[in-house]
Amino acid sequence: MASKAVTALAGLLASREDKILAAWLSTLAGATADGRISRTEIETQARDFLRALRESMSGGDTSSTGSARLRDMLSSISRSRALLGFSPSETATFVFSLKLPLFEEIRAAHGSDGEALARDTWTLTELLDQLGLHTIEVFQKSREEIIQRQQDEISELSTPVVKLWNGILALPLIGTLDSARTQVVMENLLQSIVDNGAEIAIIDITGVPTVDTLVAQHLLKTVAAARLMGADCIVSGIRPQIAQTMVHLGVELNVVSKASLADAFALALTRIGRTVVPIRSGGSGQPRSTGAYPGALT
Amino acid sequence: MDRIPILKLGHSLLVTIQVDMHDRLAMALEEDLTQKIVSSGAKGVLIDISALEIVDSFIGRTLANIAGVSRMLDADTVVVGMRPAVAITLVELGLSLPGVRTALNAERGMALISRRVAEADRDGAADAPDVHGDE
Amino acid sequence: MSTVTSEVLAIRTGDDVVRVRQGVRTAASKAGLSLVDQTKIITAASELARNTLDYGGGGTARIELVQEPMRRGVRIIFEDQGPGIPDVEQALSDGFTTGRGLGLGLGGSKRLCNEFRIETEAGKGTRVTIARWR
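Summary of the structure given here. In this text the structure is predicted, and so the values were computed from the model without any measurement. (Residues numbered from 1 in each chain as written. Chains lettered and ligands numbered in written order. Predicted model: local features only at pLDDT ≥ 70, side-chain atom pairs only at ≥ 80, totals over all residues. Heavy atoms only, no water.)

**Focus: the side chain of Asp-80 of chain C**
All names here are of chain C. Turning to its location among the elements, Asp-80 is positioned in strand E3 (residues 72-80). One buried charge, Asp-80, has no salt-bridge partner; the nearest side chain with opposite charge is Arg-127, at 10 Å. Discounting residues that sit within four places of it in the chain, Asp-80 has contacts with Thr-52, Gly-56, Gly-58, Gly-59, Lys-124, Gly-125 and Thr-126. (Helix = DSSP H or I, 4+ residues; strand = E, 2+ residues; numbered from the N terminus. Buried < 20%, exposed > 50% of the residue type's maximum accessible area, 1.4 Å probe, protein only. Lys, Arg positive; Asp, Glu negative; His and termini not counted. Salt bridge = Lys/Arg side-chain N within 4 Å of Asp/Glu carboxyl O. Contact = heavy atoms within 4.5 Å.)

The following block contains the structure:
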């Protein structure tokens, strides 16, 4: 960036800051129309940005990409816009809309000096374009982070590890299992085994339409890993087709398996030395049919 | 050279591995434990590896060896506290330590050993008249 | 592709194997690998460092923290001037060993990494490159 132009622009910004800000804000007014961002917030951002721009230039920063502080400021603005649901062009407009007010000031300052006019305009365009691109880049990155976080959340939501009894966990799997998801699920299960001090984990695949070789291998590995940690796994709810596919694929799920989650739970209870017995009739409490509970008004 | 301390508690030997195991240390542990099982007449060996951040094939093999040797010397080895990440890695590596008994934590491991010792005592008592008729 | 940090460790004794593990752990956590992935790459490095020591007669491990536009991770390059591996395919199969191990070192390590490459020449030495990405 030509340092002469920078000095000229810095002077311009210093002397005409208020006027530039006012003109810029009026072009930015459209952005506040739908109320996603307040007018005061935009004003603060614009004022801070202009000040940072001026300081960067009067500080003699002659790089065409702007000072680190300027870019940091834009990054945070851009990130907050991404979170608020702005589009990339709406976000970049924040920077680009500063061009018009500044060009007008440059023109007013130089009058008929065509060379100076072209020089300053070019320098400013170059800088603002770079800053605009930076804005979009940060915006893009923020969106990707949001998507990644949502993916993580979904995969966690879709694989809850539930406690059935003291020492017994169940992992009801629902939907198609791909290799990546299976891995996350299995890691969660093993961690839950530690957290709950569970001796037995039931992996219920009733809700899984298909199991390919890779997924079957992950299942087997999980069972093996759980055993190394000192817990047993029971697989329940293998559909007939899945059982067939697996045998045809040559994968044998060499683990304890039960037809249903209920059967698996019964087995798990037996393993920890519990059993389910019917409550003796008339044994404890009053039968429900006697009507209202004590104290109720009739 | 450093050695991993072995504690005796009732009829069991207790080992807590708290350092990054290098191979010589693992080998020394195997030797020390073998000696100690014989000299103390222990019926169980509990190895707590909850502090270990990795178990590679060498450490894994050492654990399997200890389990094998102790079984021959009539003591049960229980490895407790393996971290999930370590377990996943070991399985991926192809090492599932088939002969090694495991438990979630030291408490469960001790319970496992006690139960086994109690069973052995009961069986031993029941068998005694047949095996050693003169007793 | 750019390497952010790089360090070379000598592998001459059993203690060096532990040092390689620690070096890889530091790099892996800096790269932001998940706990499971960290454990996998450290374990693989431990296996390969031991191979370098036992079969290669010692050598070096170069641990790199790698930053590429789309990914971040750890790469480790093991080099020795040992006898080399006559049959790489055989060496990679589970259960194959010429030494005192279980024969899981090479094949097992391969399963623990995203990238695995062996360059070897009889009488000249062996170079194994592994990497794990975030």
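**Looking at empty space enclosed by the protein**
The tally for this structure, following the rule as stated, stands at three cavities of 30 Å³ or more. Taken as a whole, the largest cavity encloses approximately 120 Å³ of empty space. Gln-183, Met-186, Glu-187, Leu-190, His-218, Lys-221, Thr-222 and Ala-225 of chain A, Ile-88, Val-91 and Glu-92 of chain B together with Lys-40 of chain C together form the lining of the largest cavity. Every element with two or more residues in the lining of the largest cavity is listed here: helix H7 (179-196) and helix H8 (213-229) of chain A together with helix H3 (84-93) of chain B. When its residues are assigned to classes, the lining of the largest cavity shows five nonpolar, three polar and four charged. (1 Å grid on protein atoms, 1.4 Å probe; cavity = no way out; pocket = protein on both sides within 12 Å on 5 of 7 lines; lining within 4 Å. Points joined across faces, edges and corners; volume = space filled by probe spheres on them. Nonpolar A, V, L, I, M, F, W, Y, C, P; charged D, E, K, R; others polar.)

**Comments concerning the sheet that holds strand E3 (residues 44-48) of chain B**
All names here are of chain B. Spatially, the five strands line up as an open sheet ordered E1-E2-E3-E4-E5, and their pairing is mixed. Pairing within the sheet leaves two strands with one partner each, and these edge strands are strand E1 (6-9) and strand E5 (101-103). Strand after strand, the sheet turns through a mean of 25° between neighbouring axes, direction not considered. Seen against the sheet, helix H1 (residues 23-40) touches E1, strand E2 (12-16) and E3 and runs at an angle of roughly 160° to E2. (Pairing = 2+ DSSP bridges. Axes fitted to C-alpha atoms, helices over the stretch in contact; angles between N-to-C directions.)

**A short note on the interface of chain B and chain C**
In this assembly, 21 residues from chain B lie in contact with 22 residues from chain C. Linking chain B with chain C are seven salt bridges, by the criterion used here. A salt bridge links Asp-56 of chain B to Arg-50 of chain C, with the shortest nitrogen-to-oxygen separation between them at 2.8 Å. Listed by contribution, the elements that provide at least two residues to the side of chain B that touches chain C are H1, helix H2 (57-72) and H3 of chain B. The element contributing the most residues to the side of chain B that touches chain C is H3 of chain B, with six residues. Across the side of chain B that touches chain C, the residue classes break down as 10 nonpolar, four polar and seven charged.

**Quick notes on helix H3 (residues 68-84) of chain A**
Residue and element names in this part refer to chain A. An ideal rise of 1.5 Å per residue puts 24 Å on 17 residues; H3 measures up with 24 Å between its terminal C-alpha atoms. When we look at burial in H3, the residues that qualify are Leu-70, Met-73, Leu-74, Ser-75, Ile-77, Ser-78, Arg-81 and Ala-82. In the stretch just after H3, Gly-85 is the one whose phi turns positive, near 90°. (Expected span 1.5 Å × (residues − 1).)

**Structural notes on unusual backbone geometry**
Residues and elements named next belong to chain B. One non-glycine residue, Asp-74, adopts positive backbone phi at about 65°. Phi angles above zero are rare outside glycine, and Leu-97 is one such case at about 45°. Mapped onto the elements of the fold, Leu-97 is located in the loop between H3 and E5. Classification of Leu-97 as buried rests on a relative accessible area of 5%.

**Some points on the sheet that holds strand E4 (residues 115-121) of chain C**
Residues and elements named next belong to chain C. The antiparallel open sheet is built from five strands, whose spatial order is E1-E2-E3-E5-E4. Each having just a single partner strand, strand E1 (2-11) and E4 make up the two edges of the open sheet. Here the average twist between neighbouring strands, direction ignored, is 15°. Pairing geometry for E1 and strand E2 (residues 59-67), over nine bridges, is antiparallel. Looking at E2, one finds that Val-8 is bridged to Arg-62. On top of the sheet, helix H1 (residues 14-30) reaches E1, E2 and E3; it is set at about 5° to E2, its chief contact. Packing against the sheet, helix H2 (residues 35-54) makes contact with E1, E2, E3, E4 and strand E5 (125-133), and its axis sits at approximately 175° to E5.

**Focus: the packing of aromatic side chains**
Residue and element names in this part refer to chain A. Following the criterion strictly, the structure yields three aromatic pairs over all chains and no others. Ring plane angle 65° and centroid distance 6.0 Å describe the contact between Phe-49 and Phe-94, whose orientation is recorded as edge-to-face. Remark: Phe-94 occurs in helix H4 (residues 88-96) and Phe-49 occurs in helix H2 (residues 39-58); sequence separation between them is 45 residues. By relative accessible area, which is 0% here, Phe-49 ends up buried. (Phe/Tyr/Trp six-rings, centres within 6.5 Å; stacked < 30°, edge-to-face > 60°.)

**Section: the packing of H3 of chain B against H2 of chain C**
Where H3 of chain B meets H2 of chain C, the axes come as close as 9 Å, and the angle between the chain directions of the two elements is 50°. Judged by the inter-axis angle, H3 of chain B sits oblique to H2 of chain C. For the pair H3 of chain B and H2 of chain C, the sense of crossing is right-handed. Between H3 of chain B and H2 of chain C, the contacting residues are Ala-85, Val-86, Ile-88, Thr-89, Glu-92 and Leu-93 of chain B on the first element and Leu-35, Val-36, Thr-39, Lys-40, Thr-43 and Glu-47 of chain C on the second. Split into classes, the residues belonging to the contact of H3 of chain B with H2 of chain C amount to six nonpolar, three polar and three charged. (Parallel < 35°, antiparallel > 145°, perpendicular 65-115°, else oblique. Left-handed = near helix turned anticlockwise from the far one by under 90°.)

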